Amino acid sequence: MFTKSTYIEKYKKWLTDLGYSKSSQSMLPACLAEFLDCLEEKGISNLLEITPKHIKDHYEYLTQRPNKRRGGGLSSRMRGPHIYAIRLFLNYQEQLGNIKENPISGLSFPSPENTEREILTTSEIKKLYEVSETFREKAILG
């Protein structure tokens, strides 16, 4: 039986030791906590009970889950960190010897959708400089 808080705490420390950024040290454990919450709801109380199906089901849940900040659904760009957090955690548990077979190792998930950027024309850029009121605004454009 696992205690979610212990796993999250050790995972955070491991991320810190590896040199992950402060934002990753916060976001990845939060993503993992959501996965562990879903497992608890399904009665999964041991890492050895996690199957590829649980991970696929969680990914499917993420495609339906509402975005907590902006409303609407969770974008494909935000589903990526959730899967990355789970993959990293399970790899870590495998390194520690807590699991022998990694349930995520054979799984692949769709890459986030790339939205093409719209490039401004030279005249549009000049207009932006013209309407800039402060040095800060002009510096941002530079």
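The rules behind these values
- Residues numbered from 1 in each chain as written.
- Predicted model: local features only at pLDDT ≥ 70, side-chain atom pairs only at ≥ 80, totals over all residues.
- Heavy atoms only, no water.
- Helix = DSSP H or I, 4+ residues; strand = E, 2+ residues; numbered from the N terminus.
- Contact = heavy atoms within 4.5 Å.
- Areas by Shrake-Rupley, 256 points an atom, 1.4 Å probe, with all protein chains shown as cover.
- Lys, Arg positive; Asp, Glu negative; His and termini not counted.
- Charge placed at Lys NZ, Arg CZ, Asp CG, Glu CD.
- Phe/Tyr/Trp six-rings, centres within 6.5 Å; stacked < 30°, edge-to-face > 60°.
- Buried < 20%, exposed > 50% of the residue type's maximum accessible area, 1.4 Å probe, protein only.

Caption draft 1: Geometry of the overall build of the protein chain. What the protein chain contains, in helices and strands, is six helices and zero strands. The order of helices and strands in the protein chain, counted from the N terminus, is α-α-α-α-α-α. Dimensions of the protein chain along its principal axes, counting C-alpha atoms only, are 65 × 30 × 25 Å. Residue pairs in contact within the protein chain that sit at least 24 positions apart in sequence constitute 56% of those at least 6 positions apart. Carbon and sulfur atoms provide 52% of the accessible area of the protein chain, an area that totals close to 9900 Å². Both charge centroids of the protein chain, one from 21 positive and one from 18 negative side chains, sit 3 Å from each other.

Caption draft 2: Inspection of the packing of aromatic side chains at higher detail. In this structure the tally under the stated criterion is five aromatic pairs. Here the aromatic rings of Tyr11 and Trp14 are separated by 6.3 Å at their centres, their planes lie at 25°, and the arrangement is stacked. Here Tyr11 and its partner Trp14 are both found in helix α1 (residues 4-18), three residues apart, which amounts to about one turn of the helix. Between the aromatic rings of Trp14 and Tyr92, the centroid separation amounts to 4.3 Å while the plane-to-plane angle is 20°, which identifies the pairing as stacked. Here the residue Trp14 occupies a position in helix α1, and Tyr92 occupies one in helix α4 (residues 76-96), the gap between them amounting to 78 residues. By relative accessible area, which is 14% here, Trp14 ends up buried. For Tyr92, a relative accessible area of 10% puts it in the buried group. Each member of the aromatic cluster is reached from another via a ring pair, and the members are Tyr7, Tyr11, Trp14, Phe89 and Tyr92.

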